[in-house]
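# Examination of the molecular architecture
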2 protein chains.
Amino acid sequence: MALGRPREFDVDAALDLALHVFWRKGYEGTSMADLTEAMGITKPSLYAAFGNKEDLFRKALDRYVDGPGGYYQAGLQKPTAREVVEHILYGAVDAMTDPGNPGCLAVQGALCCGEAAETIKQELAARRAKGEQDLHDRLARAIAEGDLPSGTDAGDLARYVSAILQGIAVQAAGGASSDQLRKLADMALRNWPPV
Amino acid sequence: MALGRPREFDVDAALDLALHVFWRKGYEGTSMADLTEAMGITKPSLYAAFGNKEDLFRKALDRYVDGPGGYYQAGLQKPTAREVVEHILYGAVDAMTDPGNPGCLAVQGALCCGEAAETIKQELAARRAKGEQDLHDRLARAIAEGDLPSGTDAGDLARYVSAILQGIAVQAAGGASSDQLRKLADMALRNWPPV
DNA sequence: AGACTTATCTACCGCTTGGTAGAAATCTCT
DNA sequence: AGAGATTTCTACCAAGCGGTAGATAAGTCT
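Scoring rules and cut-offs
Residues numbered from 1 in each chain as written. Chains lettered and ligands numbered in written order. Predicted model: local features only at pLDDT ≥ 70, side-chain atom pairs only at ≥ 80, totals over all residues. Heavy atoms only, no water. 1 Å grid on protein atoms, 1.4 Å probe; cavity = no way out; pocket = protein on both sides within 12 Å on 5 of 7 lines; lining within 4 Å. Points joined across faces, edges and corners; volume = space filled by probe spheres on them. Helix = DSSP H or I, 4+ residues; strand = E, 2+ residues; numbered from the N terminus. Domains from an automatic or database assignment. Buried area = accessible area lost by both parts, 1.4 Å probe. Salt bridge = Lys/Arg side-chain N within 4 Å of Asp/Glu carboxyl O. Polar contact = N/O pair within 3.5 Å; in protein donor to acceptor, adjacent residues only side chain to side chain. Nonpolar A, V, L, I, M, F, W, Y, C, P; charged D, E, K, R; others polar. Buried < 20%, exposed > 50% of the residue type's maximum accessible area, 1.4 Å probe, protein only. UniProt positions renumbered as here; feature names shortened; annotations may be inferred.

Going by what an unreviewed UniProt entry lists, chain A is known as TetR family transcriptional regulator and is assigned to Rhodopseudomonas thermotolerans.

Overall, the coordinates contain three cavities of 30 Å³ or more when judged by the stated rule. In this structure, the largest cavity encloses a volume near 160 Å³. Of all elements in the fold, only helix 1 (11–29) of chain A together with helix 1 (11–29) of chain B reach the threshold of two or more residues within the lining of the largest cavity.

Moving on, we get to the domain arrangement of chain A. Residues and elements named next belong to chain A. Split into domains, chain A comes out as domain 1 (11–64) and domain 2 (69–190). Averaged C-alpha coordinates put domain 1 and domain 2 at centres separated by 25 Å. For domain 1, the biggest contributors to the area lost against domain 2 are Trp-23, Leu-61 and Tyr-64; these three give 42% of the whole. The tally of links from domain 1 across to domain 2 stands at two salt bridges. For Arg-127, the salt bridge identified is with Asp-62, shortest N-O distance 2.8 Å. The interface formed by domain 1 and domain 2 includes nine residue pairs in polar contact (both at pLDDT 80 or more). Looking at the side of domain 1 that touches domain 2, the elements with two or more residues in it are helix 1 and helix 4 (53–66). It is helix 1 that provides the largest number of residues to the side of domain 1 that touches domain 2, a total of eight residues. For the side of domain 1 that touches domain 2, the class distribution of residues is seven nonpolar, two polar and five charged.

Residue and element names in this part refer to chain A. Per the stated rule, a full pass over the model turns up 34 salt bridges over all chains. Residues Asp-12 and Arg-63 are paired through a salt bridge, measuring 3.8 Å at the closest nitrogen-oxygen approach. Linking Asp-12 in helix 1 with Arg-63 in helix 4, this pair joins segments that are 51 residues apart in sequence. With relative accessibility at 43%, the residue Asp-12 sits in the partly exposed group.

A word on the UniProt feature "domain: HTH tetR-type" (unreviewed entry) in chain A. UniProt records the feature "domain: HTH tetR-type" (unreviewed entry) for residues 8–68 of chain A in the present numbering. Helix makes up 80% of residues 8–68 of chain A and strand 0%, with an end-to-end C-alpha separation of 26 Å.

This is the structure:
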């Protein structure tokens, strides 16, 4: 059923390569030339397969969330609040200290930027907010189930865990080792749940 | 003693304006045109007074550390570890929710970037590391003085506070309110010192 | 074989980027 | 008044940006 000349490259593999460039350099710091070089295709091929730079970034972001960032949604499935937070924190440490790709795409992809990247910045902020909301809902369930002390504020707790995660992301971007960050996660978990 | 034609603009005021542009847009997201427009001077005047873009950013960063970011060094002077952390956390919340300039220049100025901004990224990472080191030294003193439990690891503690601060920075960049962030600081302080 | 569809390539587009040359203007000093 | 120092301005530069036109190649369909 495939009409026309067949594509000579693997779309998913190319998208992975693009993802890693965006991850390392951020949206603004990545040029189309960076992408085509890393992906091993020419610009017209890139545009035909993925649309423009913004489209490509969104597709790479989706892939990130499902791939390297998958620890987050996986963590939310854990049976207890403690296991949820544990899985997410340690998962984040591992993902964000991946050699060659330090940090978190959702944080450093476009934390702040010029006008041209404004919509990407907002998309990332919205995704972070959505992640926090998902965690909120999961913790609210834990409170309802008696898994966490009643009277706990799920919103405050979710924001606290998010802040720790984002702190880990910034530290990782600055070159912190996985050992150092694991000790950070350990400390947060020794004090879990915070009062 | 002033030879030559006198400068027609106030260097410090112009530097302040440049600082705010870098703060909002980051190093890469800021163009020379953005700067000259905000500062109300032409490009040759800018280059004559501040050097190139990188020089200007460094000067703006110095001004940031002494001005809006001054809460940090001020906090380190407080008499007890608790007051130090309290001052730094609440100071960060206030500084990073400054209307029109959300977030922290040292975090979002260049968390990740293309090759052209690499040295700025490293400079910012080094400054964050230096800040963490200063806090480490202050907390180590507190441990030595019996102000914090002996056996506490100053490095772990400093990294923990840094992570919270950087979490606040990311949340602020994403639009979190000062009320929300204050509750975050409250929670961290209720659990201080973490075991 | 020939029509059709799609991918690939080279070459290019207009625009913005950081940065500067060179002349004119405005001050101080003698 | 004139020399010297410095700032200011307009106009410009090469290089890089994101994005595309148009021809050609490589498949599938009838």
